[in-house]
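# A structural walkthrough
Spelled out, the chains give:
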Protein chains: 4
Amino acid sequence: MTQDTLKHQLYVIIFGTHTPAGKRFDLILIVAIISSLIVLILDSVPAFADQWQKEFDILEYIFTAMFTVEYLLRLYCSPKPSAYAKSFYGVIDLLAILPTYLAFFFPAASFIGIIRLLRVMRIFRILKLVRFLQDSNLLVRTLAMSQRKILIFFSAVAILVTIFGALMYVIEGPENGFTSIPRGIYWAIITITTVGYGDVVPQTPLGQAVAALTMLLGYSILAVPTGIITAELNQEMKAHRSLVLCPNCTKSGHETDALFCKHCGGELADPDQRVVPVKHPSPPEE
Amino acid sequence: MTQDTLKHQLYVIIFGTHTPAGKRFDLILIVAIISSLIVLILDSVPAFADQWQKEFDILEYIFTAMFTVEYLLRLYCSPKPSAYAKSFYGVIDLLAILPTYLAFFFPAASFIGIIRLLRVMRIFRILKLVRFLQDSNLLVRTLAMSQRKILIFFSAVAILVTIFGALMYVIEGPENGFTSIPRGIYWAIITITTVGYGDVVPQTPLGQAVAALTMLLGYSILAVPTGIITAELNQEMKAHRSLVLCPNCTKSGHETDALFCKHCGGELADPDQRVVPVKHPSPPEE
Amino acid sequence: MTQDTLKHQLYVIIFGTHTPAGKRFDLILIVAIISSLIVLILDSVPAFADQWQKEFDILEYIFTAMFTVEYLLRLYCSPKPSAYAKSFYGVIDLLAILPTYLAFFFPAASFIGIIRLLRVMRIFRILKLVRFLQDSNLLVRTLAMSQRKILIFFSAVAILVTIFGALMYVIEGPENGFTSIPRGIYWAIITITTVGYGDVVPQTPLGQAVAALTMLLGYSILAVPTGIITAELNQEMKAHRSLVLCPNCTKSGHETDALFCKHCGGELADPDQRVVPVKHPSPPEE
Amino acid sequence: MTQDTLKHQLYVIIFGTHTPAGKRFDLILIVAIISSLIVLILDSVPAFADQWQKEFDILEYIFTAMFTVEYLLRLYCSPKPSAYAKSFYGVIDLLAILPTYLAFFFPAASFIGIIRLLRVMRIFRILKLVRFLQDSNLLVRTLAMSQRKILIFFSAVAILVTIFGALMYVIEGPENGFTSIPRGIYWAIITITTVGYGDVVPQTPLGQAVAALTMLLGYSILAVPTGIITAELNQEMKAHRSLVLCPNCTKSGHETDALFCKHCGGELADPDQRVVPVKHPSPPEE
């Protein structure tokens, strides 16, 4: 086996997702990432850290070793190692192992260990590659299509929140917890999103009246993103539903009451027969 | 009357739901279950327990006796007693009466009495059997059809909540109540679902800015499940309509109050008859 | 003018809504009801009550006198006075004036004055009569059509809330504020509706994990009523939109792409001409 | 260059938006407005104000000078200066600069400086003029079309909130924080909008039961505005589609990617040309 063949085989396993070995590699990697995240999270709990600090450290060293080997293999089998090292996921991969080495050599720097939580980003790469979550495409596309509307919505919320935050700062003042306009804006966001911590609340009757108005106004305004996403999803799902293929041009995407193919003008099958695929919509999809 | 006939008659009454006697049995059972639940709930209130402990105990013994008789009868008349005893509802039925006997013989074990609240599960069996809630099929089917999308949504929420929880743990630190990453995640869930207890709140300006971002981000993301369920319900409700076919042109998609086909003008079947499939949508499926 | 004519004319003014005098009467009445409600509300504020108690009392006497005259007139001009007195609104009308007389003669009974707030119910009668809020029909009908689905939804919520409330009572116990199962249920409702007062919150890690689960579960379940109402409204609005009249049978309610009247089978006008009424949907409505 | 030409050129730059110079002017203005808002907001934070008071004051003088020059130029180049001065935006423009002069000459009046936050309103004018946010038309039109339904909804909420607020005032009383009916209404709004600050909470079991009812009732009622806006948006988005007519059978309702009429199979106009009306939906209307 030449070195090039080995390189290529490694590449197919590590970067690819379609071979059985590639799938096994991805599965092991995802288990390792999630396990290392759980160790990191449990390590932050004082009660657990006191008792199992040593075990957590050993596990962390094992995971770091695994991820280091994986990183070096990726560098080795990648056709352009420097391109990989500079890519988004290349940097994430490095940041996922570097803190442990730094903490080992410079114990004082242990607080940067939190950067290791970026490992969670590595899950995205695997999910993206294997595309085993077909439905997420629909959701992501819907969000992408609504993004301009959502941007406008957030601009409106930003302006409203500034006005109400400043208004409450003037009405309530520092003596009631509204110590600055940014704090007033913080209160307005808590109120308009209906989170309502209760750490900053109006004390004066006028302030409470304005707060009540903010809540009601906020509530009906926040119905807007739900409306946008629902309407968009509705359109998307309808487009997906009509999996009928035109017998002439084999294109799909026809509305349920269409008589002729909208792509080539060929006559379509009877609408009542077409109802069938609605019940099993997944098979023909990519 | 032979024993087999008695067994069968009991079976029809206890397990069946279509005979008047079976319906009466189900009604009595559901009243007994709800009454016993109310007694259990009231028994947990110190003020009531102090005053009526004896009455509560007597009522509990009566209900347990009733459910024991019912359990034995079910065992007796069931064609395969062991299969019933091992089934999901067989175990629930046993767990609903066992704690009272255990608490009677081992008074120290009275805290396990809470298991009796599993009786609430028994209501589901009766509801499932009598199917008197036809509309719930539509709701349950909608939720079932959306489950993959909802799973994806929850994965995205889990990742977001981990990132924001860890971020706040780093920013705020133990001195401001964020004593560990799990606590940060707890805060992130409280914030992203807009519950907002206010027991863990950011104290630093930077933490409050990140919290404001979490709220706004969380709000627009949480519009997604609403959108999914609404769009799915919309399609389901439309699908209900299109069950009627025009006898003339065999096209579907007519509104529930239509008398004539909107495609060819042919006369449709009687609307009162057409209402039928809407009310029993399950048979033709699966 | 005979007494009967006077009676009838009074009846038309007081109970009717179509004559100019009837409309003026309704308008005066609605202003009086709202004014008297504002006086009652302000009277409950200690600071205002201390300063203007006398003025509030005088205004209340004036309103009571007005409503008493109105009540007597209604009794007088009603064709069946006893039927009116026993009707729902007849009782409300009496309850709206009685407390003031009782408080006058038995000063100790002044706390029952709160019953006067039932006057707010009287607004409904006027709104119902004048029907000046046409759109509310659509909303009310939508809610009415969804009521079975909403009932099922609330049953599911009730069962969930009982299970989670009892679970938290067992996990957290009285020492952490969960003093009884009803208090646990109260906590579960606060959490599942995302209100989140923060007066009862879990203290133990296990309790917080269950709380986080409740929030996420609750949130996706609570998307259901929004979905139900939206889907129902969508159907209703679509039905409303197609205000096209069939030239043959003059019935409306056709879908936007219908070619033939679904009521009589008569041919309809061109769909592209029918798009016009969509822009001015109110005039032809009843 | 005559004075009239200068006036007109200035007018085109300052009031117009279509020339490159006009666009540049708008961009500079919007940056200046947002910068001056940030300075005002930071100035309200005690920590920043202590350290950079002088720098903030200088920046504020510069912005005021800029806006003053702009205001004078607008007055100068406007065809009817007095009409501009009395217009809505003319008054806003004046209020945006006046407080700084007042604070300079009467230092005691510095608290009115908050009026300068009205500058945020000036952003709206620019956005409105340049119309670079086409999608916002759809959102605004949807909200405008739903406004009657939303008004009815708010009336219903107002009545419910009054009833529940008064009920809690009677049940809980001043000793539990419900010191007056308005405070009860404030609590009811906090609860029904699911904000849930927790500053006013029921203490008695009966009060908590009513609160639980308010939450559940409130939640299902608040699904209504979401439903209204979603259904309206859905209709609006569908209406966008049906602008294309088939040249053969003159029917509309085609999907945006259709090449052939789905009713008769006739060829449709080029999709790229058809996209046009979707992007500029306002011209043909009203």
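Residues numbered from 1 in each chain as written. Chains lettered and ligands numbered in written order. Predicted model: local features only at pLDDT ≥ 70, side-chain atom pairs only at ≥ 80, totals over all residues. Heavy atoms only, no water.

Check the secondary structure of chain A and you find eleven helices and zero strands. When the helices and strands of chain A are placed in sequence order, the string is α-α-α-α-α-α-α-α-α-α-α. Counting only residues that meet the buried cut, chain A has 47% of its 286 residues in that class. Long-range contacts, defined as pairs at least 24 residues apart, comprise 54% of the intrachain contacts of chain A with a sequence gap of at least 6. In the form shown here, chain A has an accessible surface area of approximately 14100 Å², with 69% of it arising from carbon and sulfur atoms. (Helix = DSSP H or I, 4+ residues; strand = E, 2+ residues; numbered from the N terminus. Buried < 20%, exposed > 50% of the residue type's maximum accessible area, 1.4 Å probe, protein only. Contact = heavy atoms within 4.5 Å. Areas by Shrake-Rupley, 256 points an atom, 1.4 Å probe, with all protein chains shown as cover.)

Okay, the UniProt feature "transmembrane region" (unreviewed entry) in chain A next. All names here are of chain A. Mapped onto this numbering, the UniProt entry gives "transmembrane region" (unreviewed entry) at residues 27-46, 96-118, 150-171 and 209-231. The span residues 150-171 shows a helical share of 100% and a strand share of 0%, and its end C-alpha atoms are spaced 31 Å apart. Helix makes up 100% of residues 209-231 and strand 0%, and the two end C-alpha atoms of the span are 34 Å apart. (UniProt positions renumbered as here; feature names shortened; annotations may be inferred.)

All names here are of chain A. Inspection of every chain in the model, using the stated rule, returns twelve salt bridges over all chains. Arg119 serves as the salt-bridge partner of Glu60, at 3.0 Å between the closest nitrogen and oxygen. Here Arg119 lies in helix H6 (residues 119-130) and Glu60 lies in helix H3 (residues 46-77), a separation of 59 residues in the sequence. Residue classification places Arg119 among the buried residues on the basis of a relative accessible area of 0%. One salt bridge in this structure joins Arg74 and Glu70, with 2.7 Å as the shortest N-O distance. Within this pair, Arg74 and its partner Glu70 are both found in helix H3, separated by four residues, close to a single helical turn. In this pair, the class of Arg74 matches that of Glu70, namely buried. A single network of salt bridges, built from pairs that share partners, joins Glu70, Arg74 and Asp93. (Salt bridge = Lys/Arg side-chain N within 4 Å of Asp/Glu carboxyl O.)

Only 3.2 Å separates the side chain of A:Arg119 from the side chain of A:Ser36, close enough to count as a polar contact. Once residues lying within four places of it in the same chain are set aside, the contact partners of A:Arg119 are A:Ile33, A:Ser36, A:Leu37, A:Leu40, A:Glu60, A:Thr64, A:Phe67, A:Ala96 and A:Thr100. (Polar contact = N/O pair within 3.5 Å; in protein donor to acceptor, adjacent residues only side chain to side chain.)

With that settled, consider helix H8 (residues 147-172) of chain D. For H8(D), spanning 26 residues, the distance from its first C-alpha to its last is 36 Å, which sits close to the expected 38 Å at 1.5 Å a residue. Once H8(D) finishes, D:Gly173 follows within two positions and takes phi at roughly 75°, a positive value. (Expected span 1.5 Å × (residues − 1).)

What follows is about the packing of helix H1 (residues 3-14) of chain C against helix H3 (residues 46-77) of chain C. Two quantities define a packed helix pair, namely the angle between the helix axes and the distance between the axes. All names here are of chain C. Between H1 and H3, the shortest axis-to-axis distance is 9 Å and the interhelical angle comes to 125°. Put simply, H1 runs oblique to H3. At the point where H1 passes H3, the crossing takes the left-handed sense. Listed contacts from H3 to Gln3, Leu6, Lys7, Leu10, Tyr11 and Ile14 of H1 are Leu73, Arg74, Tyr76 and Cys77. (Axes fitted to C-alpha atoms, helices over the stretch in contact; angles between N-to-C directions. Parallel < 35°, antiparallel > 145°, perpendicular 65-115°, else oblique. Left-handed = near helix turned anticlockwise from the far one by under 90°.)

Right, let's get into a nonpolar patch on the surface. The grouping of A:Tyr61, A:Leu94, A:Leu98, A:Tyr101, A:Leu102, A:Phe104, A:Phe105 and A:Phe106 at the surface amounts to a nonpolar patch, some 780 Å² of accessible area in total. Here A:Phe104 shows up in helix H5 (residues 88-105). (Patch = residues over 30% accessible without salt bridge, like charges linked within 9 Å, V, L, I, M, F, W, Y side chains within 5 Å.)

This part covers the packing of aromatic side chains. Applying the stated rule across the entire model yields 32 aromatic pairs over all chains. On the basis of an interplanar angle of 25° and a centroid distance of 5.0 Å, the ring pair of B:Tyr11 and B:Phe15 is categorised as stacked. Residues B:Phe88 and B:Tyr89 carry aromatic rings whose centres are separated by 5.1 Å and whose planes lie at 70° to one another, so their mutual orientation is edge-to-face. For B:Tyr89, a relative accessible area of 19% gives the class buried. An aromatic cluster is present here, built from A:Tyr11, A:Phe15, A:Tyr71 and A:Tyr84 joined pairwise through their rings. Lying over the aromatic face of C:Tyr76, C:Lys7 brings its terminal NZ or CZ to 5.6 Å of the ring centre. A cation over an aromatic ring shows up here: D:Arg74 above the ring of D:Phe15, its NZ or CZ 5.0 Å from the ring centre. (Phe/Tyr/Trp six-rings, centres within 6.5 Å; stacked < 30°, edge-to-face > 60°. Lys NZ or Arg CZ within 6 Å of the ring centre and 35° of its normal.)

This paragraph deals with the environment of C:Gln235. All names here are of chain C. Locating Gln235 in the fold gives a position in helix H10 (residues 205-241). Look at Gln235 and you get buried, because its relative accessible area is 10%. C-alpha of Gln235 to C-alpha of Thr142: the two residues are 93 residues apart in sequence and 9.2 Å apart in space.

Residue and element names in this part refer to chain B. Where helix H3 (residues 46-77) contacts helix H6 (residues 98-105), the axes come no closer than 9 Å and their chain directions differ by 130°. Between H3 and H6, the crossing angle belongs to the class labelled oblique. Regarding H3 and H6, the two cross each other, and that crossing is left-handed. On H6, the residues touching Glu60, Tyr61, Thr64 and Thr68 of H3 are Thr100, Tyr101 and Phe104. Class assignment of the residues belonging to the contact of H3 with H6 gives a composition of three nonpolar, three polar and one charged. (Nonpolar A, V, L, I, M, F, W, Y, C, P; charged D, E, K, R; others polar.)

Attention now goes to the side chain of A:Ser36. All names here are of chain A. Secondary-structure assignment places Ser36 in helix H2 (residues 20-43). A relative accessible area of 0% places Ser36 in the buried class. Setting aside residues up to four positions removed in sequence, Ser36 forms contacts with Phe63, Phe67 and Arg119.

Residue and element names in this part refer to chain D. Note that Phe153 resides in helix H8. The buried category is assigned to Phe153, whose relative accessible area is 5%. Along the backbone, Phe153 and Pro225 are 72 residues apart, and their C-alpha atoms lie at a distance of 7.4 Å. Sequence-distant contacts of Phe153, defined by excluding residues within four places in its chain, comprise Ile221, Leu222, Val224 and Pro225.

Let us look at the confidence of the model for chain A. All names here are of chain A. When pLDDT is averaged along chain A, the result is 77; 76% of the residues meet or exceed 70. Taken element by element, chain A is modelled with least confidence in helix H11 (residues 271-274), mean pLDDT 43, and with most confidence in helix H9 (residues 181-192), mean pLDDT 94. A low-confidence stretch, residues 271-286 stays under pLDDT 50, and its non-local contacts, those more than four residues away or across chains, total 18 contacts. Interface confidence in the predicted complex, given as ipTM, is 0.76; pTM for the same model is 0.79. (pLDDT = per-residue confidence, 0-100.)

A word on unusual backbone geometry. A positive phi angle, close to 60°, is found at A:Thr194, a residue other than glycine. Position of A:Thr194 relative to the elements: it lies in the loop between H9 and helix H10 (205-241).

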